[in-house]
Amino acid sequence: MHSKLLVANWKSHKTISEATQWLEDFNSAVVTWPKEVVAVLCPPMPFLASLHHDLQQFPKLLDQLQLGVQDISPFPLGSYTGAVSAQQVLDFGAKYAVVGHSERRKYFRETNHDVALKVDQALEAGLTPIICLDEPYFLSQLTALNPDSLSKCVIAYEPLEAIGTGDSQPVNEVVSAVTQIRHHFGQAPVIYGGSVDLGNIQDYLEVTDGVLVGGASLEAGEFAQLITSVK
Ligand code: PGA
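Residues numbered from 1 in each chain as written. Predicted model: local features only at pLDDT ≥ 70, side-chain atom pairs only at ≥ 80, totals over all residues. Heavy atoms only, no water.

## What about the overall build of the chain?
What counts is decided by this rule: The numbering of helices and of strands both runs from the N terminus, where a helix is a DSSP run of H or I of at least 4 residues and a strand a run of E of at least 2. Each radius of gyration reported is based on C-alpha atoms, and the globular scaling rule is 2.2 Å times the count of residues to the power 0.38. Only protein chains enter the accessibility calculation, which uses a 1.4 Å probe; a residue whose area is less than 20% of its type maximum is buried, one above 50% is exposed, and one in between is partly exposed. Surface exposure here means Shrake-Rupley accessible area, sampled with a 1.4 Å probe, where a residue is shielded only by the protein chains that are shown. Counted as positive: Lys and Arg. Counted as negative: Asp and Glu, with His and the chain ends omitted from the count. By convention, the point assigned to a charge is CZ for Arg, NZ for Lys, CD for Glu and CG for Asp.
Looking only at helices and strands, the chain features eleven helices and eight strands. In terms of C-alpha radius of gyration, the chain reaches 16 Å, essentially the compact-globule figure of 17 Å for 231 residues. For the chain, the C-alpha atoms occupy an extent of roughly 45 × 45 × 30 Å along the three principal directions. For the chain, buried positions account for 50% of its 231 residues. Put simply, the chain shows about 10,600 Å² of open surface, and 52% of that area lies on carbon and sulfur atoms. The positive charge centre, built from 14 side chains, and the negative charge centre, built from 26, are 2 Å apart in the chain.

## Re the site of the ligand
Defined as follows: Nearness of a residue to a molecule or strand requires only that one of the residue's heavy atoms be within 4 Å of it. In protein, a polar contact means a hydrogen-donor-capable atom and an acceptor-capable atom, both N or O and within 3.5 Å, with residues adjacent in sequence counting only if both atoms are side-chain atoms; elsewhere, any N or O pair within 3.5 Å suffices. Polarity classes work like this: nonpolar for Ala, Val, Leu, Ile, Met, Phe, Trp, Tyr, Cys and Pro, charged for Asp, Glu, Lys and Arg, and polar for all others, with Gly in that last group.
Close contacts around the ligand come from 13 residues, with Lys11, His101, Glu158, Gly164 and Ser195 the closest. Interatomic distance of 2.6 Å between a backbone N/O atom of Gly164 and an oxygen atom of the ligand. Bound to the protein, the ligand loses 95% of the 280 Å² it would expose on its own. Partitioning the shell around the ligand into residue classes produces four nonpolar, seven polar and two charged.

## A closer look at helix H9 (residues 171–184)
Since one α-helical turn is 3.6 residues long, residues separated by three or four positions face the same way. Put simply, the rule reads: By definition here, a helix of n residues has an expected span of 1.5 Å times n minus one. To obtain the arc, one takes the directions from the helix axis to the C-beta atoms.
Counted at 1.5 Å a residue, the expected span for H9 with its 14 residues is 20 Å, and the 20 Å between its end C-alpha atoms agrees. Listed in full, the buried residues belonging to H9 are Val174, Ala177, Val178 and Ile181. Buried residues of H9, seen end-on, are gathered within an arc of 100° and therefore sit on one face of the element. Opposite the packed face of H9, turned more than 90 degrees from it, sit the exposed residues Asn172 and His183.

## Points about the sheet that holds strand E3 (residues 65–69)
As a reminder, the rule being used: Strand pairing is assigned whenever DSSP detects at least two bridges linking the two strands. In this description, a line fitted to the C-alpha atoms serves as the axis of each element, helices being fitted only across the stretch in contact, and the angle between N-to-C directions of two axes falls anywhere from 0 to 180 degrees. It only takes one pair of heavy atoms within 4.5 Å for two residues to be counted as in contact.
The strand order around the closed barrel formed by eight strands is E1-E2-E3-E4-E5-E6-E7-E8, and the pairing between neighbours is parallel. Adjacent strand axes in the sheet meet at a mean angle of 25°, parallel and antiparallel pairs treated alike. Of the pairings in the sheet, the one linking strand E5 (residues 128–133) to strand E6 (residues 154–157) comprises four bridges and is parallel in character. Following the sheet pairing, Leu133 is matched in E6 by Tyr157. Together, strand E4 (94–99) and E5 form the strand contacts of helix H6 (residues 112–125), whose direction differs from that of E5 by roughly 160°.

So, in structure tokens, the structure goes:
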């Protein structure tokens, strides 16, 4: 079996004490880690350094739980007030950067061009971009990206109506979208996001390379169960 990627996206939830507690609870809850699973925790940016530090106390998690950021600057280091560049998060253990999440595209008006710049910045710094594409726009969003860089990225297919609604997309529709994405850009792993939970994760893992989990990652025990459920 190929390895599966389980990405936890906390979005703008939690305080630092809740985040610290999550890691402790998660460490206790994960008894055995399936060898073929890699998890990526994407906390709010201000918690990254502290969680990176705390992770060192949990040797069981060190190799398997990677850190990522939910967004990254489209610019390099420099005079870009308020922005956090890809290079700046590397020292805090980040290995992945989510880019182009539908909430960024919707609430922060991010364009395909912004997303392409972020992908370039992430790759240049050595981060793996997790590029979110949302149905119904996924093919135009995908073709706006540089095909040469896509082999080093993860593609997250996320139907808009499935995000945070409890109404996950039927597996046959996911298969059709994933097939189209693979047809255009066969090299990149493709993961699914949108109301993934314990009841449906297996179905999605059978047809994709992993899942992007929002709501079901907020509670440490629930996310640990998702991981240990992977067969
Ligand atoms: P959800 O979020 O699992 O809460 O639907 C997924 C996402 O927004 O990436």
